[in-house]
Structure formats: C-alpha cells, structure tokens
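# Per-entry structural report
Here is how the chains run, residue by residue.
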Amino acid sequence: MKLFAYTSAAILLSMSTGSFAASAFAGKAKAAAVCSQCHGIKSPNAEVPFPPLAGRDELYLESALKQYRNKTRRSDVMNNIAAGLSDRDINNIAEYYSRLKP
Ligand code: HEC
C-alpha cells in the first residue's frame, strides 16, 4: 500500500509540474515530495541502505532513472517510482540532485 501511495504521488506530481521548463526548481519540488522519503535530500536515512543522490553525476542519475523506467534495471521500488516520471521529470530531478553538495 505504501508503494501505491508513492507511485500515485509521483504520477500526480508529474502532471502538476508539467508546465515548468526543465529546471532544478521543478526537480526540487518532486525530490522533496517523493524521493527524499527514502533517499533523503542530502543523505539517506542512516537506518536504511538507500543510495545517496546528492552530488551524483547528472547523466548517471538520468540513465539510472530511465533504466528503472524501462525495467532494464530491476528494483521493485524504483521500477514503480520511475514508471510515473516523464523525460522532463527525470531531467529536472537529475539536474537538481547533481547540483546539490553531498
Ligand atoms: C520507497 C523508497 C524509495 C523512493 C520513494 C525512491 N527511491 Fe530511489 N531507490 C530506492 C532503492 C531501494 C534503491 C536501490 C535499488 C537498486 O538496488 O537498484 C534506489 C535507487 C535509486 C537510484 C540508483 C542509485 C545508484 O546508485 O545507482 C536512483 C538514481 C534513484 N533511486 C532515484 C530516485 C528518485 C529520483 C526518486 C524520486 C522520484 C526516488 N529514487 C524515490 C528507494 C526509493
């Protein structure tokens, strides 16, 4: 049920931010609402082994998210989350996290 809530949040957000130009601002809104629940904004929750995203290479984040979306990279959690992201969402989020200082 938790997964379902995360997925619908991702889908809702991708509709509501659809009118923004690619921007780290839109990426930040989505990151704060969705991704930070597991990955944190700066560093993941110390009690769970989620990979950190802040300061990671932008192209790496983009390709990882696209692989989760088309399921060439398998993760039950991330496949569900990425299914709700548009190309623009992925660009925005990758831009936002890559610019954060880890
Ligand atoms: C419900 C928890 C959860 C949420 C919410 C979540 N993730 Fe993840 N994420 C994970 C887990 C677990 C993994 C590790 C999966 C694996 O082994 O490939 C992961 C892996 C990743 C990776 C790969 C990192 C690496 O080092 O290769 C990226 C990129 C990523 N997530 C981005 C995001 C983004 C962007 C969002 C928000 C749209 C998000 N995640 C939301 C749990 C979550």
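Everything that follows concerns the structure shown earlier in this document.
Below is a short write-up of the structure. Throughout this document, residue positions are counted from 1 along each chain, in the order its sequence is written. Thresholds applied to this predicted model are a pLDDT of at least 70 for local features of residues and 80 or more for the giving and counting of side-chain atom pairs; totals over whole chains, interfaces and linings are not thresholded and use all residues.

## A word on the overall build of the protein chain
Scanning the protein chain for helices and strands turns up 5 helices and 0 strands. Listing each helix as α and each strand as β along the protein chain from the N terminus yields α-α-α-α-α. Partly exposed residues are those falling between the two cut-offs: more than 12 but fewer than 20 other C-beta atoms within 10 Å of their own, whereas 20 or more means buried and 12 or fewer means exposed, with C-beta atoms placed from the backbone. Looking at the protein chain as a whole, 23% of its 102 residues qualify as buried. Two residues qualify as a contact pair if the distance between their C-beta atoms, derived from the backbone, is within 7 Å. Long-range contacts, defined here as pairs at least 24 residues apart, represent 68% of the contacts in the protein chain between residues at least 6 apart. Going along the chain from the N terminus, every DSSP run of H or I of four or more residues is numbered as a helix, and every run of E of two or more is numbered as a strand.

## Digging into the site of the ligand
Among the 19 residues in the neighbourhood of the ligand, the closest are listed as Cys 35, Cys 38, Pro 51, Ala 64 and Ser 75. Contributing elements (two or more residues each) for the shell around the ligand: helix 1 (2-16), helix 2 (24-39), helix 3 (58-69) and helix 4 (76-83). When residues of the shell around the ligand are assigned to their parent elements, the largest contribution, 6 residues, is made by helix 2. Three classes are used: nonpolar for Ala, Val, Leu, Ile, Met, Phe, Trp, Tyr, Cys and Pro, charged for Asp, Glu, Lys and Arg, and polar for all others, with Gly counted as polar. Of the residues contributing to the shell around the ligand, the split by class is 15 nonpolar, 3 polar and 1 charged. Here is the check we use: build the C-beta atom from the backbone, and if it is within 6 Å of the molecule or strand, call the residue near.

## What to know about helix 3
Given a helix with a known number of residues, its expected span is that number minus one, times 1.5 Å. The end-to-end C-alpha distance of helix 3, which contains 12 residues, comes to 17 Å, matching closely the 16 Å that a straight helix rising 1.5 Å per residue would cover. Of all the residues in helix 3, the buried ones are Ala 64, Leu 65, Tyr 68 and Arg 69. The buried residues of helix 3 occupy an angular sector of 135° when the element is viewed end-on, so they sit on one face. Within helix 3, the exposed residues directed more than 90 degrees away from the buried face are Leu 59 and Tyr 60. Taken together, the buried residues of helix 3 touch helix 4 and helix 5 (87-99). Downstream of helix 3 by one or two residues, Lys 71 has phi in the positive range, about 65°. Summarising the geometry, the arc corresponds to the directions from the helix axis toward the C-beta atoms.

By themselves these figures say nothing about function.
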